[in-house]
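A look at the structure
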Amino acid sequence: MENGFQCICNEGYLNVDGKCVECDCKNGDCSIIDRRKVCTCHPANAMKRGYCEPCKCGQDAECVFEEWGRDVQKKCFCPKGYMQDVDGRCSGVPICDHEAKCPNSTVCVNTDEGYKCVCKEGFRPLRKNADPKQFGCEDICGQNNCVTGECEVTGDHYHCKCQDGYAGTYCEVELDVYPKKKSMVVAFSVLATIIIVLLITTVFFCRKVR
């Protein structure tokens, strides 16, 4: 209050140093900071030539007005993985569910730039640094060399899980699982052979003596 009176400003004006100063943002909250009007626009509105004007780009999208001299253009910034339709609005449909085209050996992943194709689990690029979107991917176990084992994938490579009794990189080596038992069988076989030879020799000499 100054000189016994106080100014009550009309709508769209603010009291600054005892004077009513215009502060109208249309569709936003207006304030005076350092003697300058500052607008905080309501949702679905953006600054356009000093006022908050309707600006819609779709759910979760950011809408702004870009001013180039007398020209003003609306620009939409879509959420990650979403696309703009013919009207410039964010469609609300992830690119991977809408227009992405990835080979069967890949899966689609939404990115800030749009989308990319990555190899499915158990697959790898056909060659180093090759783009899966363009060249596709190959089954890592598709041409494995496991002889007596199962192919298992680790990263971009595979290894052979051998069956019992086998070892080696490709399970190509047969292990001697029961060495003691086999040794005993061999020993008994040799002993049996010796006994048979002795019996035959004994019978032969006995007949000769008679």
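Residues numbered from 1 in each chain as written. Predicted model: local features only at pLDDT ≥ 70, side-chain atom pairs only at ≥ 80, totals over all residues. Heavy atoms only, no water.

- By the naming in an unreviewed UniProt entry, the chain is Protocadherin Fat 1, taken from Stegodyphus mimosarum.

**Re the state of the cysteines**
- Counting across every chain of the model gives 12 disulfides.
- Between Cys57 and Cys76 runs a disulfide, and the two sulfur atoms are separated by 1.9 Å. On the sign convention where negative is left-handed, the bridge of Cys57 and Cys76, at about -80 degrees about the S-S bond, is left-handed. One end of the pair, Cys57, is in the loop between strand E6 (51-54) and strand E7 (62-68); the other, Cys76, is in strand E8 (residues 71-77), with 19 residues separating them in the sequence.
- Classification of Cys57 as buried rests on a relative accessible area of 3%.
- The exposure class of Cys76 is buried, given its relative accessible area of 6%.
- A disulfide bridge connects Cys119 with Cys137, and the sulfur atoms are separated by 2.0 Å. Between Cys119 and Cys137, the disulfide has an S-S torsion of -80 degrees and is therefore left-handed. (Disulfide = S-S within 2.5 Å. Helix = DSSP H or I, 4+ residues; strand = E, 2+ residues; numbered from the N terminus. Buried < 20%, exposed > 50% of the residue type's maximum accessible area, 1.4 Å probe, protein only.)

**Considerations on unusual backbone geometry**
- If you check the backbone angles, Lys26 has positive phi at about 65 degrees while not being a glycine.
- Inspection of the secondary structure assignment puts Lys26 in the loop between strand E2 (19-22) and strand E3 (28-33).
- The phi dihedral of Ala44 falls on the positive side, at around 65 degrees, and the residue is not glycine.
- Within the secondary structure, Ala44 sits in the loop between strand E4 (36-41) and strand E5 (45-48).

**Overview of the nonpolar core**
- Core analysis: the largest hydrophobic core is formed by 7 residues, namely Ala46, Cys55, Cys57, Cys63, Phe65, Cys76 and Cys90.
- Residue contacts for Cys55: discarding those within four places in its chain leaves Ala44, Asn45, Ala46, Cys63, Val64, Phe65 and Lys74. (Core = buried A, V, L, I, M, F, W, Y, C linked by side-chain atoms within 4.5 Å. Contact = heavy atoms within 4.5 Å.)

**Digging into the packing of aromatic side chains**
- Under the defined criterion, the tally for this structure stands at 0 aromatic pairs.
- The positively charged end of Lys26 is found above the aromatic ring belonging to Tyr51, 5.2 Å away from the centroid.
- Over the face of the ring belonging to Tyr51 we find Lys37, whose NZ or CZ atom lies 4.3 Å from the ring centre. (Phe/Tyr/Trp six-rings, centres within 6.5 Å; stacked < 30°, edge-to-face > 60°. Lys NZ or Arg CZ within 6 Å of the ring centre and 35° of its normal.)

**Quick notes on the UniProt feature "domain: EGF-like" (unreviewed entry) in the chain**
- Those residues carrying the UniProt feature "domain: EGF-like" (unreviewed entry) are residues 138-172 in this numbering.
- Annotated as residues 138-172, this span is 0% helix and 46% strand, and its ends, taken at the C-alpha atoms, are 25 Å apart. (UniProt positions renumbered as here; feature names shortened; annotations may be inferred.)

**Notes on the side chain of Asn45**
- You can see Asn45 is positioned in strand E5.
- Reaching out from Asn45, the side chain makes a polar contact with the side chain of Asn27 at a distance of 3.3 Å.
- Once residues within four sequence positions are removed from consideration, Asn45 is found in contact with Asn27, Cys52, Glu53, Pro54 and Cys55. (Polar contact = N/O pair within 3.5 Å; in protein donor to acceptor, adjacent residues only side chain to side chain.)

**Remarks on the pairing of E5**
- With 4 bridges connecting them, E5 and E6 associate as antiparallel partners. Opposite Asn45, over in E6, you have Pro54 as the bridge partner. (Pairing = 2+ DSSP bridges.)

**What to know about the environment of Val153**
- Considering the arrangement of structural elements, one finds Val153 in strand E15 (residues 149-154).
- Linking Val153 and Glu121, residues 32 residues apart in sequence, is a C-alpha distance of 9.0 Å.

**Let's talk about a nonpolar patch on the surface**
- Taken together, the side chains of Met184, Phe188, Leu191, Ile195 and Leu199 define a hydrophobic patch exposed on the protein surface, amounting to about 530 Å² of accessible area.
- Assignment of secondary structure puts Leu199 in helix H2 (residues 179-209).
- On the basis of relative accessibility, which here comes to 53%, the residue Leu199 falls in the exposed class. (Patch = residues over 30% accessible without salt bridge, like charges linked within 9 Å, V, L, I, M, F, W, Y side chains within 5 Å. Areas by Shrake-Rupley, 256 points an atom, 1.4 Å probe, with all protein chains shown as cover. Salt bridge = Lys/Arg side-chain N within 4 Å of Asp/Glu carboxyl O.)

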